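This is what each chain is made of:
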Amino acid sequence: MSTTTAGIILVASLAVVLTAVYKPFGDYLYRVVAGTRHSRVERGIYRLIGVDAKAEQSWGTYARSVLAFSLISLLFLYAFLRLQDRLWLSLGFDAVPDHIAWNTAVSFVTNTNWQAYSGESTMGHLVQMAGLAVQNFVSAAVGIAVAVALVRGFARSRTDQLGNFWVDLVRIALRVLLPIAVLGTIVLMIGGVVQNLSGGTDVTTVAGGTQTITGGPVASQEVIKELGTNGGGFYNANSSHPFENPTTWTNWFELLLILVIPFSLPRVFGRMVGQNRQGYAIVAVMAILAIVSVTLTNVFELTGDGAVPQAVGAAMEGKEARFGVSNSATFAAVTTLTSTGAVNSFHDSFTPLGGMMPLVNMMLGEVAPGGVGAGLYGMLILAVITVFVAGLMVGRTPEYVGKKIGAREIKFASLYFLITPMLVLIGTAAAFATGNNSTALNVGPHGLTEVLYAFTSASNNNGSAFAGITVNTPWWDTALGLCMLLGRFLPIIFVLGLAGALARQRPVPASAGTLPTHRPLFVGMLAGVTVILVALTFLPALALGPLAEGL
Amino acid sequence: MTVSPVVPAPSGGLPSSGPASGGRVGGGLLDPRQLVRALPDAFRKLNPVTLWRNPVMLIVEVGAVFTTGLAVADPTGFAWAITVWLWLTVLFANLAEAVAEGRGKAQAATLRQAKRDTVATRLTGWSPGARPGAYREEAVAAAELRHGDVVLVEAGQVIPGDGDVVEGIASVDESAITGESAPVIRESGGDRSAVTGGTKVLSDRIVVRITQQPGQSFIDRMIGLVEGANRQKTPNEIALNILLAALTVIFLMAVVTLQPLAIFSKGFQGAAPDTAAINSDGVTGIVLVSLLVCLIPTTIGALLSAIGIAGMDRLVQRNVLAMSGRAVEAAGDVNTLLLDKTGTITLGNRQAAEFVPVDGVTAEQVADAAQLASLADETPEGRSVVVLAKNAYGLRERSGLAGSDFGAGRSGEDRNVPFTAQTRMSGVDLAPEATVDGGPSGAARRVRKGAAAAVMKWVRDNGGHPTDQVGDIVDGISGGGGTPLVVAEHLDGEPARTLGVIHLKDVVKSGMRERFDEMRRMGIRTVMITGDNPRTAKAIADEAGVDDFLAEATPEDKLALIRREQEGGRLVAMTGDGTNDAPALAQADVGVAMNTGTTAAKEAGNMVDLDSDPTKLIEIVEIGKQLLITRGALTTFSIANDIAKYFAIIPAMFAGIYPSLDALNIMRLSSPESAILAAVVFNAIVIVVLIPLALRGVRYRPSSASTLLTRNLWLYGLGGIVAPFVGIKILDLLISLIPGIS
């Protein structure tokens, strides 16, 4: 079987499974967030944290709850990392240095999972399990909760109530993430991913040297790393490490875990606004962009020119032999199209244009299908902007699923849209202006790409590493930490603000004069707007990086 | 005093369209002389304080100032060329706005002629019915009149201010505001009591109570509106401005943050020669500003306010005054149109269509009796009965029984019984025919015609028994949407009897059904409002093709209907003229008051139609839509333009460092300088080229949202991508011929 055929089968089989689960899993997610009953465990938790599960919140309260919860998470994780040496299962590791602890705490609380450290040589098992893995669950749940609040804004009318953050958080974690994680862990263990509390095994290598092979609770962390589009690996080598991702079928399964929630959330949108076709339209835009991106990445990698790639048939540098070019290219595209940031190959070694694709995927704002929750709200914001321009062209005040897009709505959408590009561009420029780009291994366009990639990944809360750059200096840890923090929470505030503005409105009934937002024309337009806005923003920077190198 | 009409007759293929013209929205033509006249204003608007309102163009101006400095410091042909074109970009934007405002100014100047200083005769101590001498007359300047003052206006005088007639009746020349030269009647009481300052009394004398404060007359407001003096941004314009500002910030960031990257790249390729675009200090200031100006949405930024002003102007050309831009936008969003049946859907009056006899009577007899009974009926319906009888049965007007002249040869006085609201019938009492000696011969005959119930009661009162057949005919006509008038006669000594029924029909204006079909395709529901009973209303609604109707409508019903529609999230537009329409006009999202209407109605609505043509509501909706479409189309065009500009400027900037980037120079532009200059020049020229479109509005045909989107997306989206590739290439070819640039 040729590499190309294998690549096509991988993508096609994923597409089939995702299509099959869209309805049932989407409906399940809908029932989770729309239900009114609480399980006994949930009631216990609400009592414990003192939450009235029946009380709903305005957008301001919802936002403050998100921020408060995240702040507590951040402080807790920071303290955890700093006190690691005094806790159990530290495996003898020291406390994590302050700038790395800050960067890591921010990184996991913001669902970024940018890793300025090497997991197996920095963190003990307790920190990995009770610190990092917990954030993998809750930061993912926060993203989904915010997306659901936005959808409620579209679905509800004449209210300021957007649901209860604490209820959303608990339900999503307990009813969605946890059960799938348990099942997924078992599947991964069957596939050969390790799961133990071993402090490490010393082995003698073939060459006669000794090597410590770190074991640990890998499978349980791997599953939520993918399911919650987190991406923070147990090992520094992330999903290219054979203990995290041993075979091509675990690779396939991990891709499925990454994609299943983001691709099913549009169903929740469709169900909640009472028009499933709106969900189909959104998922269609995501799918089109994803398929184009995956295809291009594969094409660039498989046909990459240069002496070495041509000699061996393709660009194999930096890729695992057990995955091959296509599995690596697809994994790179999928993890950056979502906000996963896991890697099973080294993007730095990709062909220039092949390496540009993950970068562009993140620049798109991670909306195809994007991180859990974040992808949906990002895409809905783009839909609002598209509707605004397109809606004018049909001669009416623009409206999306019955809600008018006026000054207030467009203000929040514009602010949302401004944040990440600004962080990326300012961060990158600052690195070059201050000379901090010198930690990049390369000079010239490739070195520029390494810096640009780091800021793009952090600001978009992806966490994917291009590699080829040292980022655990205080300047980098601080700058990237700020990008992650602002890149996560400012957009969330604007999303919730938009949700509040939408929920206040009375819906406008659809008529023949209403712009239909479920037809192919709109789907194409939304995809076009997404690509064009990004191209216009980042083309100059890309020209000096991957384009200069690859054209 | 001669006052020329405010609004010049529509010219240049701009029919002030009724339904017959298909109601296409056209726009004004751009006269090149207007551009020249607007130039001084365009220069005046370069003042940053004025430009503050338009952040996109303000940034261009700041950029132009910056490059001017650079060009002075290091004068090259390229630097000066860019600088000049940047200034021209700002100037062109100002020109667009100035031209749009200029048209309004011309109209305002005409209006001011009407608002010349008049002297008013103020009456102090006047009360209704007061005799001269019981109050004091004094001459005061019109500008000093206050709300509540009472003034006397006599034939030949100009009415000094807006007010209501409280005594008298007069014919008034309102051409100063409506452009219509035929005089109108204004009288105290009722719905025709409002008079407007600046109009002229032609005959008789009236006493007017002033209802305005000084400086706030209708004409003052008109002047303000057409001049755009206190023009406020409309909600959608504000939203669009926010989006444009956000895009501007992003592009500003993209350009500013490019510099460290450029310095790094140039340092890496140290051997690459310096060019006009890039040296070891990075991208040159001139080129950086050029890139920024090309990327930020200057096209729509330059034309946005002109589009808004021109939209209002298009309304004024149709003799509609919108009291706020918000109302014009709301017109585009309207979901439900409330249309008065009479005058809008049907011709003003019902007309007799048929005489239906009861058994034993011929149609001719019915016609004859009906005509007799209608001779004294001066209502349009009554006249139509006479006319139908003449046309259909050859009965001469004024013909009496047996061919004898009406009123001649009678033994006594004939008596007309005029129609009154109480009796609801009219008729004639004929004295018995005279015998030769003057004595009565035959019986006296009384004929009646009127509302079915009233006439049937009259028959019964006079000993007759209306047959069931009459009831059936009446029901049949009502069910068909007609109005039945029963005709009966009473000969002395015999029981009265019904002769038959006159079928009065509403005549639906031609072309209305097509118009309503269009509305439906646009997603607008039309609701007919009528005082008729439900069956009549339904029949007319079906014939006219409206979606719904409100029968036996009272002002309260109207208001309730509007509230109900709004409760469902719909926007409602309506027209009205009476005082009792005022609450509904105020409640409606778009309330168009007729100029003939009362002051209360004009105050309550947010538009006034000077022609008092209720059909115009449909045009207003189309103008609102066209306004929004023009904005959307030019925004799309503006953003789509950026793609081509990138393909011109990025290789021009960086191909010197990385020759591989020359692959992006797909237009094969001749040199970096000419590529950048071509992009800047294109960016400036496109504004001027699009001024006519901004003023005229994009072509609009009523159709579904999908159709509109497809069309506009191809035209302005794809066109916006393709046009600059062609334009920049052509400009580059021209520029490359200029020595010293390339």
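Within an unreviewed UniProt entry, the label attached to chain B reads Potassium-transporting ATPase ATP-binding subunit, and the organism entered is Plantactinospora mayteni. Of chain B, the UniProt comment under Subunit (unreviewed entry) reads exactly: "The system is composed of three essential subunits: KdpA, KdpB and KdpC."

Chain A carries the name Potassium-transporting ATPase potassium-binding subunit in an unreviewed UniProt entry, which gives Plantactinospora mayteni as its organism. Under the heading Function (unreviewed entry), UniProt records this for chain A: "Part of the high-affinity ATP-driven potassium transport (or Kdp) system, which catalyzes the hydrolysis of ATP coupled with the electrogenic transport of potassium into the cytoplasm. This subunit binds the extracellular potassium ions and delivers the ions to the membrane domain of KdpB through an intramembrane tunnel."

A. Expanded view of the overall build of chain A. In terms of regular secondary structure, chain A is built from 18 helices and four strands. Over its C-alpha trace chain A gives a radius of gyration of 22 Å, about what one expects of a compact globule, namely 24 Å for 551 residues. Projecting the C-alpha coordinates of chain A onto the three principal axes gives extents of approximately 75 × 55 × 50 Å. Taking contacts inside chain A between residues at least 6 apart in sequence as the whole, the part at least 24 apart equals 79%. Put simply, chain A shows about 18000 Å² of open surface, and 65% of that area lies on carbon and sulfur atoms.

B. Structural context of the overall build of chain B. Per the secondary structure count, chain B includes 24 helices and 25 strands. Scored against the burial criterion, the 742 residues of chain B give a buried share of 57%. Taking contacts inside chain B between residues at least 6 apart in sequence as the whole, the part at least 24 apart equals 70%. Carbon and sulfur atoms provide 57% of the accessible area of chain B, an area that totals close to 28900 Å².

C. Local environment of the sheet that holds strand β21 (residues 525-529) of chain B. Residues and elements named next belong to chain B. With mixed pairing, seven strands are arranged side by side in an open sheet as β11-β25-β24-β23-β12-β21-β22. Two strands lie at the open edges of the sheet, namely β11 (320-322) and β22 (548-550), each paired on one side alone. Each neighbouring strand pair of the sheet contributes to a mean axis angle of 20°, computed without reference to strand direction. Of the pairings in the sheet, the one linking strand β23 (residues 572-576) to strand β24 (residues 590-594) comprises four bridges and is parallel in character. Considered in β24, the bridge of Thr 575 is made with Val 592.

D. Focus on the environment of Thr420(B). Its location among the elements puts Thr420(B) in the loop between β14 (415-417) and β15 (425-430). With 129 residues separating them along the chain, Thr420(B) and Leu291(B) place their C-alpha atoms 79 Å apart.

E. Inspection of the UniProt feature "binding site: Mg(2+)" (unreviewed entry) in chain B at higher detail. Residue and element names in this part refer to chain B. In the numbering adopted here, UniProt assigns the feature "binding site: Mg(2+)" (unreviewed entry) to Asp 577 and Asp 581. Judged by relative accessible area, Asp 577 falls into the partly exposed class, the value being 33%. When near neighbours in sequence (up to four residues on either side) are disregarded, Asp 577 contacts Met 594, Gly 597, Thr 598 and Ala 601. Along the polypeptide, Asp 581 turns up in the loop between β23 and α20 (582-587). In this view, Asp 581 contacts Lys 558 and Gly 576; residues no more than four positions away in its chain are not counted.

F. Structural view of the packing of helix α1 (residues 3-34) of chain A against helix α12 (residues 324-337) of chain A. Residues and elements named next belong to chain A. The contact between α1 and α12 brings their axes to 7 Å, and the two run at 35°. The two elements α1 and α12 meet at a crossing, and its hand is right-handed. Counting all contacts with α1, which are made through Thr 3, Gly 7, Leu 10 and Val 11, the residues of α12 involved are Val 325, Ser 326, Asn 327 and Thr 330. Looking at side-chain class alone, the contact of α1 with α12 contains three nonpolar, five polar and no charged residues.

G. Just the UniProt feature "transmembrane region" (unreviewed entry) in chain B, in detail. All names here are of chain B. Taking the numbering used here, the UniProt-annotated feature "transmembrane region" (unreviewed entry) corresponds to residues 51-72, 78-96, 238-263, 283-309, 675-695 and 715-738. Between the end C-alpha atoms of residues 238-263 there is a gap of 38 Å, over a span that is 96% helix and 0% strand. In the segment residues 283-309, helix accounts for 85% and strand for 4%; the C-alpha atoms at its two ends are 39 Å apart.

H. Main features of the nonpolar core. Grouped together as the largest cluster of nonpolar side chains are 314 residues, with contacts concentrated most on Tyr400(A), Met607(B) and Phe654(B). Among the elements that take part in this core, helix α22 (residues 616-654) of chain B stands out by supplying 20 residues, more than any other. Split by domain, this core shows at least three residues from each of two domains, domain 1 (3-271) and domain 2 (371-550) of chain A. Membership of the second largest hydrophobic core comes to 37 residues, among which are Ala352(B), Met425(B), Trp458(B) and Ile502(B).

I. A look at the side chain of Glu174(B). All names here are of chain B. Looking at where Glu 174 falls in the secondary structure, it is placed in the loop between β4 (163-173) and α5 (175-178). Residue classification places Glu 174 among the buried positions, given a relative accessible area of 4%. Separated by 3.3 Å, the side chains of Glu 174 and Arg 186 make a polar contact.

J. Looking closely at the interface of chain A and chain B. Chain A puts 58 residues into the contact, and the matching count from chain B is 62 residues. Counting the surface lost from both chain A and chain B, the interface buries some 5100 Å², and carbon and sulfur atoms represent 76% of this. The largest per-residue losses of area from chain A upon contact with chain B belong to Met393(A), Leu536(A) and Leu544(A), which jointly make up 15% of the total buried on that side. Taken together, the connections running from chain A to chain B amount to two salt bridges. Arg506(A) is the partner of Glu567(B) in a salt bridge, and the nearest nitrogen-oxygen pair spans 3.4 Å. Seen at the junction of chain A and chain B, the total is 12 residue pairs in polar contact (both at pLDDT 80 or more). Elements supplying a minimum of two residues to the side of chain A that touches chain B: α14 (374-392), α15 (407-433), α16 (444-459) and α18 (520-550) of chain A.

K. How the structure looks around the pattern of salt bridges. All names here are of chain A. Scanning the model with the defined rule gives 41 salt bridges over all chains in all. Between Asp 27 and Arg 271 there is a salt bridge, with its nearest N and O atoms 2.9 Å apart. Within this pair, whereas Asp 27 is found in helix α1, its partner Arg 271 is found in helix α9 (residues 248-272), the two being separated by 244 residues in sequence. Taking relative accessible area as the criterion, Arg 271 reaches 28% and is therefore assigned partly exposed. In this structure, Glu 56 engages Arg 156 in a salt bridge whose closest nitrogen and oxygen atoms are separated by 2.5 Å. On the criterion of sequence distance, the pair formed by Glu 56 in the loop between α2 (40-49) and α3 (59-82) and Arg 156 in the loop between α6 (125-155) and α7 (165-190) is long-range, its members being 100 residues apart. Among the residues examined, Arg 156 registers a relative accessible area of 23% and is labelled partly exposed. Each member of the salt-bridge network shares a partner with another, and the members are Glu 222, Lys 225, Glu 226 and Glu 244.

L. Structural view of the domain arrangement of chain A. Residues and elements named next belong to chain A. Annotation of chain A at the domain level lists domain 1 (3-271) and domain 2 (371-550). Distance between the C-alpha centres of domain 1 and domain 2: 23 Å. Between domain 1 and domain 2, the residue contacts involve 46 residues of the former and 49 residues of the latter. For the pair domain 1 and domain 2, the two sides together bury roughly 3800 Å², of which 75% comes from carbon and sulfur. Across the domain 1-domain 2 interface, the total number found is zero salt bridges.

M. Layout of the sheet that holds strand β19 (residues 483-491) of chain B. Residue and element names in this part refer to chain B. Pairing within the open sheet is antiparallel, and its six strands lie in the order β13-β20-β19-β18-β15-β14. Only two strands of the sheet have a single partner each, and these edge strands are β13 (351-357) and β14. Going across the sheet, the axis of each strand differs from the next one's by a mean of 20°, ignoring polarity. Sheet analysis places β14 next to β15, joined by three bridges and oriented antiparallel. Within the sheet, the bridge partner assigned to Asn 416 lies in β15 and is Val 428. Docked against the sheet, helix α14 (residues 380-393) engages β13, β18 (445-451) and β20 (497-505), running at close to 60° with respect to β13. The strands touched by helix α15 (residues 452-461) within the sheet are β15, β18, β19 and β20, with β18 carrying the most contacts at an inclination of about 150°.

Calculation criteria
Residues numbered from 1 in each chain as written. Chains lettered and ligands numbered in written order. Predicted model: local features only at pLDDT ≥ 70, side-chain atom pairs only at ≥ 80, totals over all residues. Heavy atoms only, no water. UniProt positions renumbered as here; feature names shortened; annotations may be inferred. Helix = DSSP H or I, 4+ residues; strand = E, 2+ residues; numbered from the N terminus. Rg over C-alpha atoms; globule rule 2.2 N^0.38 Å. Contact = heavy atoms within 4.5 Å. Areas by Shrake-Rupley, 256 points an atom, 1.4 Å probe, with all protein chains shown as cover. Buried < 20%, exposed > 50% of the residue type's maximum accessible area, 1.4 Å probe, protein only. Pairing = 2+ DSSP bridges. Axes fitted to C-alpha atoms, helices over the stretch in contact; angles between N-to-C directions. Left-handed = near helix turned anticlockwise from the far one by under 90°. Nonpolar A, V, L, I, M, F, W, Y, C, P; charged D, E, K, R; others polar. Core = buried A, V, L, I, M, F, W, Y, C linked by side-chain atoms within 4.5 Å. Domains from an automatic or database assignment. Polar contact = N/O pair within 3.5 Å; in protein donor to acceptor, adjacent residues only side chain to side chain. Buried area = accessible area lost by both parts, 1.4 Å probe. Salt bridge = Lys/Arg side-chain N within 4 Å of Asp/Glu carboxyl O.

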